[in-house]
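Commentary on secondary and tertiary structure
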Amino acid sequence: MQPRPWQQAWREAVRDPRELLSMLGLADAGLAISDAAAAQFPLRVPRGFVARMRHGDPRDPLLRQVLPLDDEMRAMPGFTQDAVGDGPARAGRGLIRKYRGRALLVATGSCAVNCRYCFRRHFPYSEETAAAAGWRDAVAAIAADAGIDEVILSGGDPLSLSTSKLAQLTDALAAAPHLRRLRIHSRLPVVLPERIDGGLLAWLGALPWPVTVVVHANHANEFDQSVDGAMARLRAAGATLLNQAVLLRGVNDNADALADLSERGFQAGVLPYYLHQLDRVAGAAHFEVPDARALELHAALRRRLSGYLVPRLVREVAGDASKRPL
Ligand SMILES: *Cc1c(COP(=O)(O)O)cnc(C)c1O
Ligand code: SF4
């Protein structure tokens with residue numbers, strides 16, 4: 001039997017908060033769902049990810065990441081629309097240059113999942129993706145700048161593009177002789193592991209650069225057998241796998257959850273990379289963990305885990321030359 005195409009799993013994502021709650025036996029759990037928040041940034045979550053949520057638990061850490069709640073609609077001072085300063089850093093359509101040697105390509109605005117804490121809820125993606133400009137401007141800017149040695153495909157989720165679109169892009173990039181590394185930031189290996197199919201692996205394995213895939217899991221429960229399989233296939237195709245997580249109140253803001261995340265990721269062949277303090281985007285204030293608590297948790301991880309299982313605790317500060325260690 002042919003495996004189901006990933007696009008089908010993509011299309012079948014749950015989009016109705018009430019349907020999600022009834023799937024989890026939580027229809028009467030009194031969760032303060034917000035239609036206004038859902039109108040601003042719709043619920044979207046693949047069914048395979050829902051299957052990893054605990055039935056009957058309104059505090060499930062995966063559910064918390066995707067459910068539009070009343071909390072999001074409370075305006076909080078300091079929480080803004082462009083929290084990471086991407087506005088001024090745009091170096092051309094869909095290209096963001098903040099750090100030395102690296103150019104980040106906003107390959108697409110689409111994601112398989114809508115994460116409530118994400119800055120993407122406010123980013124004017126329809127105009128600002130490299131795909132919208134037919135790649136040309138972004139690729140030309142990269143080709144013209146010998147100071148760029150690493151291209152980072154980001155978004156949105158770059159793996160939401162078809163493999164043929166990705167190949168078109170990397171074929172064009174291959175003409176820039178100064179590129180030495182390709183990096184892909186994607187949540188799809190975790191939220192829609194079906195995406196890591198034969199076609200994608202063939203493309204990945206044939207690229208002329210070493211490839212790093214930075215996945216994004218915030219909690220150990222996001223891993224299951226299907227995710228392990230996707231990670232194993234990516235590694236077999238030669239990719240180096242790293243994880244970045246966001247520290248989120250009510251999701252992973254305790255030492256056990258963070259240690260489990262590192263260990264579970266490692267079991268799947270993924271090393272921790274960054275643990276981010278939240279970007280202060282409007283609607284995400286209820287996820288914020290105070291710096292003092294973040295530092296305490298990080299110290300607990302250092303005491304408890306092998307050094308290579310401790311992520312770097314950072315925050316993104318507009319105008320800085322790198323992510324800023326806390
Ligand atoms: C985070 C980021 C990078 C990558 O930074 P690393 O510290 O190398 O992971 C590059 N460009 C932009 C615009 C970024 O936001
Ligand atoms: S960019 Fe990443 S964190 Fe943001 S909504 Fe998409 S998958 Fe979630």
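Quick summary incoming for the structure in this document. (Residues numbered from 1 in each chain as written. Chains lettered and ligands numbered in written order. Predicted model: local features only at pLDDT ≥ 70, side-chain atom pairs only at ≥ 80, totals over all residues. Heavy atoms only, no water.)

This brings us to the environment of Thr80. Within the secondary structure, Thr80 sits in the loop between helix H5 (61-66) and helix H6 (86-89). The class for Thr80 is partly exposed, based on a relative accessible area of 38%. With 203 residues separating them in the primary sequence, Thr80 and Gly283 have C-alpha atoms 8.5 Å apart. Leaving out residues up to four positions away in the same chain, Thr80 has contacts with His122, Arg280, Val281 and Ala282. (Helix = DSSP H or I, 4+ residues; strand = E, 2+ residues; numbered from the N terminus. Buried < 20%, exposed > 50% of the residue type's maximum accessible area, 1.4 Å probe, protein only. Contact = heavy atoms within 4.5 Å.)

On to the side chain of Gln65. Note on placement: Gln65 falls in helix H5. Looking at Gln65, its side chain comes within polar contact range of the side chain of Arg187, at 2.7 Å. Sequence-distant contacts of Gln65, that is, excluding residues within four places in its chain, are made with Asn114, Cys115, Arg116, Tyr117, Arg187, Asn218, Glu222, Leu248 and Val251. (Polar contact = N/O pair within 3.5 Å; in protein donor to acceptor, adjacent residues only side chain to side chain.)

So, on to the site of ligand 1. The environment of ligand 1 is made up of Ile96, Lys98, Tyr99, Arg102, Leu104, Ile152, Arg183, Tyr273, Tyr274, Glu316 and Lys323. Between Arg183 and ligand 1, the recorded distance is 2.7 Å, taken from a side-chain N or O atom to an oxygen atom. Side-chain polar atom of Tyr273 to an oxygen atom of ligand 1: 2.7 Å apart, as the coordinates give it. Coverage of ligand 1 by the protein amounts to 90% of the 380 Å² it exposes when considered alone. Most atoms of ligand 1, that is more than half of them, are within 2 Å of grid points of the largest pocket. Where the shell around ligand 1 is concerned, the elements lending two or more residues are strand E3 (102-106) and strand E8 (271-276). (Near = heavy atom within 4 Å. Areas by Shrake-Rupley, 256 points an atom, 1.4 Å probe, with all protein chains shown as cover. 1 Å grid on protein atoms, 1.4 Å probe; cavity = no way out; pocket = protein on both sides within 12 Å on 5 of 7 lines; lining within 4 Å. Sits in = over half its atoms within 2 Å of the grid points.)

As a further point, take the pattern of salt bridges. Here the structure, examined in full by the defined rule, presents 23 salt bridges. Note that Arg181 is salt-bridged to Glu150, the shortest N-O span being 2.9 Å. Here Arg181, found in strand E5 (residues 181-185), pairs with Glu150, found in strand E4 (residues 150-154); they are 31 residues apart in sequence, far enough to count as distant. Judged by relative accessible area, which is 32%, Arg181 ranks as partly exposed. Judged by its relative accessible area of 9%, Glu150 falls in the buried class. Note that Arg304 and Asp256 form a salt bridge whose closest N and O atoms lie 2.9 Å from each other. Taken together, the residues Arg304 in helix H14 (residues 291-304) and Asp256 in helix H13 (residues 255-267) connect sequence positions 48 residues apart. (Salt bridge = Lys/Arg side-chain N within 4 Å of Asp/Glu carboxyl O.)

Close to ligand 2 lie Cys111, Val113, Cys115, Cys118, Arg120, Gly156, Arg187 and His216. Mapping ligand 2 onto the cavity grids shows that it belongs to the largest pocket. Grouping the amino acids of the shell around ligand 2 by side-chain chemistry returns four nonpolar, two polar and two charged. (Nonpolar A, V, L, I, M, F, W, Y, C, P; charged D, E, K, R; others polar.)

All right, on to the side chain of His276 then. By secondary structure assignment, the location of His276 is in strand E8. The buried category is assigned to His276, whose relative accessible area is 10%. In this structure the side chain of His276 is engaged in a polar contact, spanning 3.4 Å, whose partner is the side chain of Gln244. When sequence neighbours within four positions are dropped, the list of residues in contact with His276 reads Gln244, Ala245, Val246, Leu247, Val314 and Lys323.

Looking at the largest pocket, its volume works out to about 960 Å³. Along the wall of the largest pocket there are 41 residues; nearest its centre are Leu104, Phe119, Ser154, His185 and Gln244. At the level of secondary structure, the elements contributing two or more residues to the lining of the largest pocket comprise E3, E4, E5, strand E6 (211-215), strand E7 (240-246) and E8. Partitioning the lining of the largest pocket into residue classes produces 20 nonpolar, eleven polar and ten charged. Reported here for the second largest pocket is a volume of approximately 170 Å³. As for the second largest pocket, its lining consists of Arg59, Arg64, Leu67, Leu69, Asp71, Arg249, Gly250, His286 and Phe287. (Points joined across faces, edges and corners; volume = space filled by probe spheres on them.)

Burial within E5 is extensive, with four of its five residues counted as buried. Relative to E5, E4 is paired through four bridges, and the arrangement is parallel. Counted as the bridge partner of Glu150 is Arg181 from E5. Each parallel crossover has a hand, and for E4 linked through helix H9 (residues 163-173) to E5 it is right-handed. (Pairing = 2+ DSSP bridges. Right-handed = clockwise from strand over helix to strand, strands pointing away.)

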